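Residue-level structural notes
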Amino acid sequence: MQTGGNGLQKTDKLLKRGQFVFLSRTADSVADRFFVVAYFENQLDRSRLGVTVTRKIGHAVLRNRIKRLVRQYFRTNRHRLGANFDINVIARKSAAGASSKEVFASLERLFCKIRESCH
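What this report covers is the structure whose coordinates are included nearby. (Residues numbered from 1 in each chain as written. Predicted model: local features only at pLDDT ≥ 70, side-chain atom pairs only at ≥ 80, totals over all residues. Heavy atoms only, no water.)

Quick look at the environment of threonine 76
- The topology assignment puts threonine 76 in helix α2 (residues 60-77).
- The class for threonine 76 is partly exposed, based on a relative accessible area of 40%.
- When the C-alpha positions of threonine 76 and glycine 7 are compared, they lie 9.9 Å apart, and in sequence the two are 69 residues distant.
- A polar contact of 3.2 Å, which involves the side chain of threonine 76, links it to the backbone oxygen of tyrosine 73. (Helix = DSSP H or I, 4+ residues; strand = E, 2+ residues; numbered from the N terminus. Buried < 20%, exposed > 50% of the residue type's maximum accessible area, 1.4 Å probe, protein only. Polar contact = N/O pair within 3.5 Å; in protein donor to acceptor, adjacent residues only side chain to side chain.)

What follows is the structure in structure tokens.
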């Protein structure tokens, strides 16, 4: 069941702590000044997303805005990855002051690096 016309299904998300721990220990990562992205190619029929935004980043409204922007980018661009990955996007403190445009540009660069690493 989807939330809204283009929402993420539950099966599109990393939800369990073990999934995040596995990624932190075994995954490759790419980073820039706003985000660190840990990724691992999975054997599923879809890519899955986890978003980590700690309280160090800022208040709840700010953290939720960052998560919302990351999910929006993932929903509209996951088909461009070329393979199926488990991805955890970890926000850095500098992401708190980033505009939507900067967030999307940052994620575009990072996802591009992931695409290049799998080919």
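Comments concerning the sheet that holds strand β3 (residues 48-52)
- If you walk across this open sheet you meet the 4 strands as β1-β2-β4-β3, and the pairing is mixed. Edge strands, defined here as strands with exactly one partner in the open sheet, are β1 (28-31) and β3. Direction aside, the axes of adjacent strands within the sheet are offset by 20° on average.
- Strand direction decides the pairing type here: β3 and strand β4 (residues 85-91), joined by 5 bridges, are parallel. Bridging from a neighbouring strand, valine 51 pairs with valine 89 of β4. (Pairing = 2+ DSSP bridges. Axes fitted to C-alpha atoms, helices over the stretch in contact; angles between N-to-C directions.)

Regarding the nonpolar core
- Membership of the largest hydrophobic core comes to 27 residues, with the highest contact counts inside it found for Phe35, Val37, Ile66, Ile87 and Val89.
- Within the residue set of this core, elements represented by two or more residues are β2 (35-41), α2, β4 and α3 (100-117). (Core = buried A, V, L, I, M, F, W, Y, C linked by side-chain atoms within 4.5 Å.)

Some thoughts on the pattern of salt bridges
- Applying the stated criterion across every chain yields a total of 7 salt bridges.
- Glutamate 108 is the partner of arginine 115 in a salt bridge, and the nearest nitrogen-oxygen pair spans 3.6 Å.
- Here arginine 115 falls in the buried class, since its relative accessible area comes to 14%.
- For glutamate 108, a relative accessible area of 24% corresponds to the partly exposed category. (Salt bridge = Lys/Arg side-chain N within 4 Å of Asp/Glu carboxyl O.)

Here's the deal with α2
- Here α2 spans 26 Å end to end across 18 residues, near enough to the 26 Å set by a 1.5 Å rise per residue.
- Buried within α2 we find Leu62, Arg63, Ile66, Leu69, Val70, Tyr73, Phe74 and Asn77. Angularly, the buried residues of α2 cover 130° about the axis, an arc narrow enough to put them on a single face. (Expected span 1.5 Å × (residues − 1). Arc of directions from axis to C-beta.)

A word on a positive patch on the surface
- Taken together, the side chains of Lys10, Lys13, Lys16, Arg68 and Arg71 define a basic patch exposed on the protein surface.
- On the secondary structure map, lysine 16 appears in the segment before α1 (17-26). (Patch = residues over 30% accessible without salt bridge, like charges linked within 9 Å, V, L, I, M, F, W, Y side chains within 5 Å. Areas by Shrake-Rupley, 256 points an atom, 1.4 Å probe, with all protein chains shown as cover. Lys, Arg positive; Asp, Glu negative; His and termini not counted. Charge placed at Lys NZ, Arg CZ, Asp CG, Glu CD.)

Some remarks on the side chain of serine 106
- On the secondary structure map, serine 106 appears in helix α3.
- Ignoring any residue separated from it by four or fewer positions in sequence, one finds serine 106 in contact with Asp32, Phe34 and Phe35. (Contact = heavy atoms within 4.5 Å.)

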